[in-house]
Amino acid sequence: MATWILWAAGALTAGFASVFTTPTNNGGSLLKQLNPLLSHEAQIYLPGSEGFVNATTRWGGATTPTFTAIVKVTTETDVQHTIKYANAHNYPFLAISGTHGTPSTLNNVRDGIGIWLRDMNSVKIHQDGTSAKIQGGIENGKLIRDLWARGKQTVTTGCDCAGFISPLLGGGHGWLQGRYGLPADQLISARVVLANGSAITVSATSHPDLFWAVRGAGHNFGIFTEIDVKVYDREKDQDSWAAMGLTYTHDKLDKVFEIANEWLDEKERDVKLTHYGTIAINPGLDPNMPIFTFWIYWQGSSIPSKYTAPLQALSPISTDFSVTDLAGVNTHLAAAYGMPACWKGFSRQFAPVSLNAWPIANLRTLLSLFGSMPSVFHQASFVLLEAYATNRVGEIAEESTAYPDRGGQLLISPLLGYAPNTTLDDVARRIAKEMRDALLEGTGEKLRAYVNYARGDESLEEVYGYEAWRLEKLRKLKREYDPHGRFNFYMPITK
Ligand SMILES: Cc1cc2nc3c(=O)[nH]c(=O)nc-3n(C[C@H](O)[C@H](O)[C@H](O)COP(=O)(O)OP(=O)(O)OC[C@H]3O[C@@H](n4cnc5c(N)ncnc54)[C@H](O)[C@@H]3O)c2cc1C
Ligand SMILES: *[C@@H]1O[C@H](CO)[C@@H](O)[C@H](O)[C@H]1NC(C)=O
Ligand SMILES: *[C@@H]1O[C@H](CO)[C@@H](O)[C@H](O)[C@H]1NC(C)=O
Ligand SMILES: *[C@@H]1O[C@H](CO)[C@@H](O)[C@H](O)[C@H]1NC(C)=O
């Protein structure tokens, strides 16, 4: 396994002591006033409690919203009461499910009320077997397992411990998207609690404009308590996933990505093929330069030699191969429960860019920037190079949802990781941005930044698309459904 490369390991003993503060008077009155309105299973957690620590310990240590209290909600009505209370008492509020969100805009939550949805995590398959009702706080890994055990699957994403709904609200990218489209394309309807605490159903026939908007810009509009999504039967010939990882020294970079570009150029890209890469530093393998790993994920039990042979011919330092299932792909990526991608405590800075072909000369520049960054970043940083199958994603009309980048083939992002240290935050952000600039250089492309990896300082066009009609439509809906900007903490459409 090449997992030591990804999400570079090393136990980190982060001090979470700072969240153990004394309950404030505000917290006390909140407890007295809001508690009686909530359901029996709901709970209010104040600073110092275990529930508070659980809900506020984030995946990225540089993401630092602060909270007066956490409300563990278990019903839609709990969410409504909490929002109404927050509005009446001038508290900002923030939904929390997977804690993986990282844009710097989340840091604008000061002394807010956290709405902790993690206990709303049930999955119910509807009678006809083609859709399921899923609650708003479910983790991706639980959803994969709950559906699989009942002979089903949907377009889930690559990390077990991230939420499912929040990725979907930004479009989402995941293993089965080549067959079925983005996670957002699976949405049939949603129960949404709006900024004023009203709860509505959003679907193709109920608030259709908002239904358009939540599939790509959803974080701006409400808290999703439950959604109906399409699910698909597991099929015997599609149940297995073959995974191959090849690790190379830097000098093979051009040749490997030339091969990958040929795959992207194929007229009929195979829906079974996802390729993926990371650049990382491993002094044991190369003391001077970063190394890189290239993965092939193939939906089937053996990868055609057409794909593997040319890569093996380039003499990787190491190769691994396994045949697994849908959940096992996340394990192969070291992104399953308990694995490095799920460890909390490191500070992390993304700088995403979407492209349509691997920019080989720019990848080379990136490699040298990566090799020359300060050593504090060496252990836990890498560059994500993701190429999911896009067949079905591109067939769906671009204007049919707010997701703006159906033509994009590649998600690339440096991810700088380091032990939490605020003096390093700006350094890491600067370096990550330099890397992104280098990736775009000379491509003639405008920056397209995937909203779910966004830094927080991108323009609206970069995140939500360059077409004027798109932004106009989003702004209009924002004025209508969130006139006071209560949902302005995750890449807000209006400031
Ligand atoms: C290790 C890792 C792996 C990833 N893998 C993938 C991947 O394979 N595919 C992909 O597309 N993305 C991936 N991402 C990006 C991911 O989509 C975002 O980080 C996403 O915001 C995580 O959602 P969360 O619920 O875990 O985080 P949270 O921080 O809890 O939520 C993120 C945002 O969504 C809001 N939110 C949460 N729950 C709700 C709700 N029920 N209703 C309304 N708003 C809500 C929050 O208020 C916050 O603004 C990955 C990220 C990481 C860190
Ligand atoms: C906090 O998280 C731990 C680990 O997941 C869990 O065992 C514990 O029950 C949680 N506590 C609360 C109050 O939610
Ligand atoms: C934070 O990073 C700076 C710059 O590298 C370093 O000088 C300082 O010692 C670090 N602080 C901690 C607590 O590690
Ligand atoms: C809440 O907001 C929605 C959308 O703007 C609006 O239709 C509804 O009337 C509002 N409800 C109340 C009680 O103000």
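Remember, predicted model here, so these are calculated numbers, not experimental data.

What counts, and where the lines are drawn
- Throughout this description, residue numbers start from 1 for each chain and increase along the sequence as written.
- All chains are assigned letters beginning with A, and all ligands numbers beginning with 1, in the order in which they are written.
- Predicted model: local features are reported for residues with pLDDT of at least 70 only, side-chain atom pairs are reported and counted for 80 or more only, and whole-chain, interface and lining totals are derived from all residues.
- Hydrogens and water are ignored here; the side-chain numbers use all heavy atoms of the structure.
- In what follows, a disulfide is any cysteine sulfur pair within 2.5 Å.
- Under the scheme used here, helices are H or I runs from DSSP no shorter than 4 residues and strands are E runs no shorter than 2 residues, and both carry numbers assigned from the N terminus.
- Only protein chains enter the accessibility calculation, which uses a 1.4 Å probe. A residue is then buried if its area is under 20% of the maximum for its type, exposed if over 50%, and partly exposed in between.
- To form a nonpolar core, buried Ala, Val, Leu, Ile, Met, Phe, Trp, Tyr and Cys residues must be joined to one another through side-chain atoms within 4.5 Å.
- Every residue pair with non-hydrogen atoms within 4.5 Å of one another is taken to be in contact.
- Near residues are defined by distance, with any heavy atom within 4 Å of the molecule or strand qualifying the residue.
- Side-chain atoms alone can form a polar contact between residues adjacent in sequence; in general such a contact is a pair of N or O atoms within 3.5 Å, and within protein one must be able to donate a hydrogen while the other accepts it.
- Residue exposure ignores everything except the shown protein chains as possible cover, and the areas themselves are Shrake-Rupley values with a 1.4 Å probe.
- Every helix has an expected span of 1.5 Å times one less than the residues it contains.
- Working definition: the arc comes from the directions between the helix axis and the C-beta atoms, pointing outward to the latter.
- As a working rule, the residues Ala, Val, Leu, Ile, Met, Phe, Trp, Tyr, Cys and Pro are called nonpolar, Asp, Glu, Lys and Arg charged, and the rest polar, with Gly in that last group.
- As annotated, the domain borders come from an automatic or database domain assignment.
- Summed over both partners, the accessible surface that disappears when two parts come together, traced with a 1.4 Å probe, is what is meant by buried area.
- By salt bridge we mean one thing: a side-chain nitrogen of Lys or Arg within 4 Å of a carboxyl oxygen of Asp or Glu.
- Only strands joined by at least two bridges in the DSSP assignment are considered to pair.
- To get an axis, a line is fitted to the C-alpha atoms, and for a helix only the part in contact is used. The angle between two axes follows their N-to-C directions and goes from 0 to 180 degrees.

(A) Summary view of the state of the cysteines. In total, this model carries one disulfide according to the counting rule given. Disulfide pairing places Cys 161 opposite Cys 342 at an S-S distance of 2.1 Å. In this structure, the disulfide formed by Cys 161 and Cys 342 twists by about -100 degrees around the S-S bond and is classed as left-handed. Here the residue Cys 161 occupies a position in the loop between strand S7 (152-153) and helix H5 (165-169), and Cys 342 occupies one in the loop between helix H10 (326-332) and strand S16 (347-350), the gap between them amounting to 181 residues. Summarising the burial analysis for this pair, Cys 161 and Cys 342 share the class buried. There is no disulfide at Cys 159, and the cysteine sulfur nearest it, in Cys 161, is 3.5 Å away. When its relative accessible area of 14% is taken as the criterion, Cys 159 is described as buried.

(B) Expanded view of the nonpolar core. Core analysis: the biggest nonpolar cluster contains 52 residues, and Ile 134, Phe 221, Ile 227, Tyr 464 and Leu 474 have the highest contact counts within it. Per element, the largest residue contribution to this core is six residues, and it comes from helix H7 (residues 208-217). With near-sequence residues (within four places) excluded, Phe 221 lies in contact with Val 192, Leu 194, Leu 210, Ala 213, Val 214, Leu 474, Leu 477, Lys 478, Tyr 481, Phe 487 and Ile 493.

(C) Structural view of the site of ligand 3. Every residue near ligand 3 is listed here: Asn 421, Thr 423 and Leu 424. Here an oxygen atom of ligand 3 sits 2.3 Å away from a polar atom, N or O, in the side chain of Asn 421. Within the side chain of Thr 423, a nitrogen or oxygen atom sits 3.3 Å from an oxygen atom of ligand 3. Protein chains bury 28% of the 370 Å² of accessible surface belonging to ligand 3 in isolation.

(D) Region of interest: helix H11 (residues 360-371). For H11, with twelve residues, the first-to-last C-alpha span of 17 Å sits near the 16 Å given by 1.5 Å per residue. Turning to H11, its buried residues are Ile 360, Asn 362, Leu 363, Leu 366, Leu 367 and Phe 370. All buried residues of H11 fall inside an arc of 150 degrees around its axis, so they share one side. Of the surrounding elements, those touching the buried residues of H11 are helix H8 (253-265), strand S13 (273-280), strand S18 (382-387) and helix H13 (422-440).

(E) Geometry of the site of ligand 1. Lining the immediate environment of ligand 1, one finds 34 residues, of which Arg 58, Ala 95, Ser 97, Gly 158 and Tyr 450 sit closest. Backbone polar atom of Thr 99 to an oxygen atom of ligand 1: 2.9 Å apart, as the coordinates give it. The backbone of His 100 places a nitrogen or oxygen atom 3.0 Å from an oxygen atom of ligand 1. In isolation ligand 1 exposes 960 Å². Once the protein is present, 97% of that is buried. Looking at the shell around ligand 1, the elements that each hand over two or more residues are strand S3 (93-96), H5 and strand S10 (223-230). When its residues are assigned to classes, the shell around ligand 1 shows 18 nonpolar, 15 polar and one charged.

(F) Layout of the side chain of Thr 99. You can see Thr 99 is positioned in the loop between S3 and strand S4 (112-116). Look at Thr 99 and you get buried, because its relative accessible area is 3%. Contacts of Thr 99, omitting those with residues within four sequence positions, involve Ala 55, Thr 57, Arg 58, Trp 59, Trp 116, Arg 118 and Lys 344.

(G) Representation of the environment of Gly 408. Take Gly 408: it is sitting in the loop between helix H12 (391-395) and strand S19 (410-418). When its relative accessible area of 13% is taken as the criterion, Gly 408 is described as buried. When the C-alpha positions of Gly 408 and Val 393 are compared, they lie 9.5 Å apart, and in sequence the two are 15 residues distant. Among all residues touching Gly 408, those that are not within four sequence positions of it are Leu 355, Asn 356, Thr 390 and Arg 448.

(H) Main features of the domain arrangement of the chain. Assigned domains of the chain: these are domain 1 (2-119), domain 2 (123-233) and domain 3 (240-324 + 345-464). Taken together, the contacts link 14 residues of domain 1 with 17 residues of domain 2. Contact between domain 1 and domain 2 buries roughly 1,300 Å² in total, counting both sides, with carbon and sulfur atoms accounting for 61%. If you sort the residues of domain 1 by the area they bury against domain 2, Glu 76, His 100 and Leu 117 come out on top, with a joint share of 35%. Linking domain 1 with domain 2 are two salt bridges, by the criterion used here. The residue Arg 118 makes a salt bridge to Glu 139 at a minimum N-O spacing of 3.3 Å.

(I) View of the sheet that holds S3. Overall, mixed pairing links the four strands, which are arranged S1-S2-S4-S3 in an open sheet. Every interior strand has two partners, whereas the edge strands, strand S1 (43-45) and S3, have only one. Strand after strand, the sheet turns through a mean of 25 degrees between neighbouring axes, direction not considered. The sheet contact formed by S1 and strand S2 (residues 67-72) spans three bridges and is antiparallel. Paired with Ile 44 across the bridge in S2 is Val 71.

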